[in-house]
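These are the residues of each chain, in order.
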Amino acid sequence: MSHISCQQLVELVTSYLDGSLDPESTQLFEEHLAVCPGCETYVEQFRVTIARLGEVPVGSLSDDAQRRLLEAFRDLPR
Ligand SMILES: [Zn+2]
């Protein structure tokens, strides 16, 4: 079993939250969340956004938004 990167997690988050992620990827996703506070916070914020919108905002996470998130992750202490 390998691990996923923060970038991979960001790419998988919409599938994870709408339940379309396969079981193996779901496990990797949750293992990453357990050890990465930055991504845990990100997913929580995503959940809040979805709750407000009432749906998974597929396509609304623009390339620019993803880039800003990844830049934020890079600044986190390791
Ligand atoms: Zn992460």
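It should be noted that the structure appears before, not after, this text.
On a predicted model such as this, the values are computed, not experimentally measured, just so you know.

> Help me understand the overall build of the protein, please; the structure alone is not making it clear to me.
A tally of regular secondary structure across the protein gives 4 helices and 0 strands. For the protein, contacts bridging at least 24 residues in sequence account for 66% of all contacts bridging at least 6. With the model as given, the accessible surface of the protein reaches about 5200 Å², and the carbon-plus-sulfur share is 49%.

> Hey, could you run me through the side chain of His 32 in this one?
Counting through the fold element by element, His 32 comes out in helix α2 (residues 23-35). The exposure class assigned to His 32 is buried, which follows from its relative accessible area of 11%. Ignoring sequence-local partners within four residues, the contact set of His 32 consists of Ile 4, Ser 5, Cys 6, Leu 9 and Cys 39.

> Got a minute to help me understand the coordination of the zinc ion in this structure?
Put simply, the ideal angle at a metal is 109.5 degrees for four donors in tetrahedral geometry and 90 or 180 degrees for six donors in octahedral geometry. Taken together, Cys 6 (SG), His 32 (NE2), Cys 36 (SG) and Cys 39 (SG) make up the protein donors of the zinc ion, found 1.9 to 2.3 Å from the metal. With 4 donor atoms in place around the zinc ion and angles of 104 to 112° between them, the coordination shape is tetrahedral. Here Cys 6 falls in the buried class, since its relative accessible area comes to 13%.

> What's the story with helix α3 (residues 37-53) in this structure? I'm lost.
For the α-helix, the turn length of 3.6 residues means that residues three or four positions removed from each other point alike. For α3, with 17 residues, the first-to-last C-alpha span of 24 Å sits near the 24 Å given by 1.5 Å per residue. Taken as a whole, α3 has its buried residues at Gly 38, Cys 39, Tyr 42, Val 43, Phe 46 and Ile 50. Around the axis of α3, the buried residues are gathered within 125° of arc, so they sit on the same side. Counted as exposed and oriented over 90 degrees from the buried face of α3: Pro 37, Ala 51 and Arg 52.

Cut-off values and rules
- Residues numbered from 1 in each chain as written.
- Predicted model: local features only at pLDDT ≥ 70, side-chain atom pairs only at ≥ 80, totals over all residues.
- Heavy atoms only, no water.
- Helix = DSSP H or I, 4+ residues; strand = E, 2+ residues; numbered from the N terminus.
- Contact = heavy atoms within 4.5 Å.
- Areas by Shrake-Rupley, 256 points an atom, 1.4 Å probe, with all protein chains shown as cover.
- Buried < 20%, exposed > 50% of the residue type's maximum accessible area, 1.4 Å probe, protein only.
- Donors = N, O, S within 2.8 Å, 3.2 Å for Na, K, Ca; no water.
- Tetrahedral: all angles 85-135°; square planar, octahedral: opposite > 155°, others 65-115°.
- Expected span 1.5 Å × (residues − 1).
- Arc of directions from axis to C-beta.

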